[in-house]
Amino acid sequence: MNKIYFFGDLHFSSTNKWNILAGNKFLDWFKEEFKTESGDNYIVFLGDVTDRSVNPGEVISQMHKLFTFCSEKFKQVYVLTGNHDLKMYVDFSIQSSLEFLKNFSNIKVIEDIELLNIAGKSILALPFKRSEVLTNINEYYSEYKWEDVDYKKENIDLAIGHWTIKDESSIIYRFGVDVSNIPAKRILCGHIHNRPDKRYIGSVFALNASEFDCKYPRCYIEWGNDWKEIKLPDFVIYRNIKFGDTIESESDKSVYLYTISEAPSIAEAYRQYPNLIIKGISKEKKKNIALVDTTNKNIKQSNIELFDEMIKESDLTVSRGAYKVVKELLALK
């Protein structure tokens, strides 16, 4: 039986030296993993092939190597657009980093809702979209009138997408797509890198240290007679060491990124470890404990003020989006 392979976000980038190295590690592994393919099977990429909509030559070269190989080894290649693949300009024209893939006869870039038949399986493709009138992709798919196109869950085996799945219990995911509205028996999404839910496939490697540990292992999917999750290697490994420590052995199949504690400076860290890729240094923070007179009943702080104080005292970094959501929730208390 013909197989379909699914891969998550690649995020090819040259923002840092390690991005290119990680992309090359993935390419080397990918070519070895699928070297015996003979043009009978299919492969699907679930968005964010690139980290930017406009890319330098090194990134374009990596994309070209990957998709030339895929075009030769697979019967058909499908690529969903992701949010990082698209950019809107002031005249509302859309720039896509995937545009050149349309020159391959057996590569299909999916930019809009489409019902596909791949190897006898019915797959509803729901890519990320951007336009002057579409401002919220989560609302768009949550409220889409599927009855108008006569799509029924019992007839569609899988929906694939590049967006967040709604989870009311999570501050981060509570505004995602309501998948109860999606007419498919199974859901598989890119977009979320650290795989908190098995309906996400995960990025092929962690883009920062907070993504390194996943609830479920990063994988690619092989779908033939059965649905199989195949664990991916760690193409990027994050390590924390103390200044002066001896470095453990490294595998040549991974890129290692180091955070070094107690280094006098970043320059000293590089002098001590000239061959490492150093993400940064950290120092133990000395916390000042303020005494508060709790007998003064006139002092009262709001939940938001207490949250701001916690951020300041703990020296936390909170994204604008997360900060806005938390403030809105605290205002309801």
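Residues numbered from 1 in each chain as written. Predicted model: local features only at pLDDT ≥ 70, side-chain atom pairs only at ≥ 80, totals over all residues. Heavy atoms only, no water.

Draft legend 1. Focus on the overall build of the protein chain. Tallying secondary structure elements over the protein chain gives 6 helices and 15 strands in all. Here the protein chain, with 333 residues, has 44% of them falling under the buried criterion. Restricting the contact set of the protein chain to residue pairs at least 6 apart, pairs at least 24 apart contribute 62%. As presented, the protein chain carries roughly 18,600 Å² of accessible surface, and 48% of it is formed by carbon and sulfur atoms. (Helix = DSSP H or I, 4+ residues; strand = E, 2+ residues; numbered from the N terminus. Buried < 20%, exposed > 50% of the residue type's maximum accessible area, 1.4 Å probe, protein only. Contact = heavy atoms within 4.5 Å. Areas by Shrake-Rupley, 256 points an atom, 1.4 Å probe, with all protein chains shown as cover.)

Draft legend 2. Spotlight on the packing of aromatic side chains. Inspection of every chain in the model, using the stated rule, returns 35 aromatic pairs. Summarising the aromatic geometry, the rings of Y5 and F74 are spaced 6.0 Å apart at their centres and angled 70° between planes, so their arrangement reads as edge-to-face. Of this pair, Y5 sits in strand 1 (residues 4-7) while F74 sits in the loop between helix 2 (57-73) and strand 3 (76-80), and the two are 69 residues apart along the sequence. Each ring, one from F7 and one from W29, has its centre 6.2 Å from the other, and the planes form 65°; the classification is edge-to-face. Of this pair, F7 sits in strand 1 while W29 is found in helix 1 (residues 17-33), placing the two residues 22 residues apart along the sequence. Across the pair, exposure class does not vary: F7 and W29 are buried alike. (Phe/Tyr/Trp six-rings, centres within 6.5 Å; stacked < 30°, edge-to-face > 60°.)

Draft legend 3. A look at helix 1. Taking 1.5 Å of rise per residue, the 17 residues of helix 1 would be expected to cover 24 Å, and the 25 Å separating its terminal C-alpha atoms lies within 8% of that figure. Turning to helix 1, its buried residues number three or more, namely W18, N19, I20, A22, G23, F26, L27, W29 and F30. (Expected span 1.5 Å × (residues − 1).)

Draft legend 4. Inspection of the pairing of strand 2 (residues 42-45) at higher detail. Here strand 2 shows no split at all, with Y42 and V44 on one side and I43 and F45 on the other all buried. In this sheet, strand 2 lies alongside strand 1 in parallel orientation, the contact comprising 4 bridges. Bridge assignment links F7 to a residue of strand 2, and that residue is F45. Handedness of the β-α-β unit built from strand 1, helix 1 and strand 2 comes out right-handed. Judged from the 4 bridges that link them, strand 2 and strand 3 form a sheet pairing that is parallel. (Pairing = 2+ DSSP bridges. Right-handed = clockwise from strand over helix to strand, strands pointing away.)

Draft legend 5. Expanded view of a nonpolar patch on the surface. On the surface, I266, Y270 and I281 cluster together into a nonpolar patch covering about 240 Å² of accessible area. Among the structural elements, I281 can be located in strand 15 (residues 277-282). (Patch = residues over 30% accessible without salt bridge, like charges linked within 9 Å, V, L, I, M, F, W, Y side chains within 5 Å. Salt bridge = Lys/Arg side-chain N within 4 Å of Asp/Glu carboxyl O.)

Draft legend 6. Expanded view of helix 2. Its 17 residues place the ends of helix 2 24 Å apart at the C-alpha level, agreeing with the 24 Å of an ideal helix rising 1.5 Å per residue. Taken together, the buried positions of helix 2 are V59, Q62, M63, L66, F67, F69, C70, S71 and K73. Next to the buried residues of helix 2 lie helix 1, strand 2, strand 3 and strand 6 (107-110).

Draft legend 7. How the structure looks around the pairing of strand 15. As paired elements, strand 14 (residues 255-261) and strand 15 share 5 bridges and run parallel to each other. From the neighbouring strand, T259 faces strand 15, where its bridge partner is G280. In terms of handedness, the path from strand 14 via helix 4 (residues 266-272) over to strand 15 forms a crossover that is right-handed.

Draft legend 8. Focus on the sheet that holds strand 10 (residues 187-189). In spatial order, the strands read 7-8-9-10; together these 4 strands make up an open sheet with mixed pairing. Strands with a single pairing partner mark the edges of an open sheet, and in this sheet they are strand 7 (114-118) and strand 10. Neighbour to neighbour, the strand axes of the sheet diverge by 25° on average, direction disregarded. (Axes fitted to C-alpha atoms, helices over the stretch in contact; angles between N-to-C directions.)

Draft legend 9. Structural detail: the packing of helix 1 against helix 2. In the contact formed by helix 1 and helix 2, the axes pass within 11 Å of each other and the chain directions differ by 10°. If you check the angle between helix 1 and helix 2, you find them roughly parallel. Of the residues in helix 2, those touching helix 1 at I20, G23, N24, F26, L27, F30 and K31 are E58, V59, Q62, K65, L66, F69 and C70. Taken together, the residues of the contact of helix 1 with helix 2 break down into 8 nonpolar, 3 polar and 3 charged. (Parallel < 35°, antiparallel > 145°, perpendicular 65-115°, else oblique. Nonpolar A, V, L, I, M, F, W, Y, C, P; charged D, E, K, R; others polar.)

Draft legend 10. A look at the sheet that holds strand 15. Across the sheet, 3 strands lie side by side as 13-14-15; this open sheet has parallel pairing. Edge positions in the sheet fall to strand 13 (236-242) and strand 15, since each has one partner strand and no second. Each strand of the sheet is rotated relative to its neighbour by a mean of 25°, with strand direction disregarded. In the packing of helix 1 onto the sheet, contacts are made with strand 13, strand 14 and strand 15, and the angle to strand 14 comes to roughly 145°.

Draft legend 11. Local environment of unusual backbone geometry. Its identity is not glycine, yet H11 carries a phi of approximately 50°, on the positive side. Inspection of the secondary structure puts H11 in the loop between strand 1 and helix 1. A relative accessible area of 2% means that H11 is categorised as buried. One non-glycine residue, R195, lies in the positive phi region at around 55°. Note on placement: R195 falls in the loop between strand 10 and strand 11 (219-223).

Draft legend 12. Looking closely at the confidence of the model for the protein chain. When pLDDT is averaged across the protein chain, the result is 89; 85% of the residues are at 70 or more. Overall, residues 289-300 carries pLDDT values under 50, and its contacts beyond four positions in sequence, including any with other chains, amount to 1 contact. (pLDDT = per-residue confidence, 0-100.)

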